[in-house]
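Architecture at a glance
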Amino acid sequence: MNNKELIELAVGAAKNSYSPYSHFRVGAALLCDDGSVYLGCNIENSAYSATVCAERTAIFKAISDGKRGFQKIAVVGGEDGLLEKQCAPCGVCLQVMSEHCDASSFVVLLADNEGIHEYTLGEMLPYAFKK
């Protein structure tokens, strides 16, 4: 699956966002080593700490289905669904990625009006906590 297709899946996933408080819709599409793709969207809660990000939704869905190898994730987001700027994963999502993905080979795709931008997990979280 190419990067554009993965971004398009993330855009579609953002449409399922439950974001009545922030109005900031986020979608993620996670490509597994076996070619399967898991989608996620942000799901807010009035108790903000109970909110779950799109990236973690996709990763946890994949893990709960027994997937353990991941190649890349596309992340898009914006207020009221407008995807004008890059929407980088939060620190918690990056830390979850660092638990389950290789920092040097796992790719994070972000999109904006300029196009698709590609980063390794290590570039996004150079000092991940590791036990």
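Refer to the structure presented above.
Report on the accompanying structure. (Residues numbered from 1 in each chain as written. Predicted model: local features only at pLDDT ≥ 70, side-chain atom pairs only at ≥ 80, totals over all residues. Heavy atoms only, no water.)

1. Thoughts on helix H3 (residues 91-100)
Within the sequence span of H3, burial applies to Cys 93, Leu 94, Val 96, Met 97 and Ser 98. Here the buried face of H3 lies against helix H2 (54-64), strand S3 (70-79), strand S4 (107-112) and helix H4 (121-124). (Buried < 20%, exposed > 50% of the residue type's maximum accessible area, 1.4 Å probe, protein only. Helix = DSSP H or I, 4+ residues; strand = E, 2+ residues; numbered from the N terminus. Contact = heavy atoms within 4.5 Å.)

2. With respect to the pattern of salt bridges
Opposite charge on two side chains lets them pair, provided their charged atoms get close. Under the counting rule described, the total for this entry stands at two salt bridges. Here Lys 4 makes a salt bridge to Glu 8, at a shortest N to O gap of 3.3 Å. Of the two residues, Lys 4 and Glu 8 both sit in helix H1 (residues 3-14), four residues apart, roughly one turn of that helix. The partly exposed category is assigned to Glu 8, whose relative accessible area is 46%. When the shortest N-O distance is used, the salt bridge between Asp 34 and Lys 67 registers 2.5 Å. Placement of Asp 34 in the loop between strand S1 (24-32) and strand S2 (37-41) and of Lys 67 in the loop between H2 and S3 is noted, with a sequence separation of 33 residues between them. A relative accessible area of 52% places Asp 34 in the exposed class. (Salt bridge = Lys/Arg side-chain N within 4 Å of Asp/Glu carboxyl O.)

3. Description of the sheet that holds S4
Either a parallel or an antiparallel arrangement is found when strands of a sheet pair, and the pairing is made through backbone hydrogen bonds. The five strands are arranged S2-S1-S3-S4-S5 in an open sheet whose pairing can be described as mixed. Of all the strands in the sheet, the pair left with one neighbour each is S2 and strand S5 (115-120). Adjacent strand axes in the sheet meet at a mean angle of 20° when their direction is disregarded. Sheet analysis places S3 next to S4, joined by four bridges and oriented parallel. Considered in S4, the bridge of Ile 73 is made with Val 108. (Pairing = 2+ DSSP bridges. Axes fitted to C-alpha atoms, helices over the stretch in contact; angles between N-to-C directions.)

4. Describing unusual backbone geometry
In this structure, His 23 is a non-glycine residue whose phi angle is positive, near 60°. Its location among the elements puts His 23 in the loop between H1 and S1. Notably, Asp 80 is not glycine yet its phi reads approximately 55°, a positive angle. With respect to the secondary-structure elements, Asp 80 resides in the loop between S3 and H3. Classification of Asp 80 by relative accessible area gives exposed; the value is 55%.

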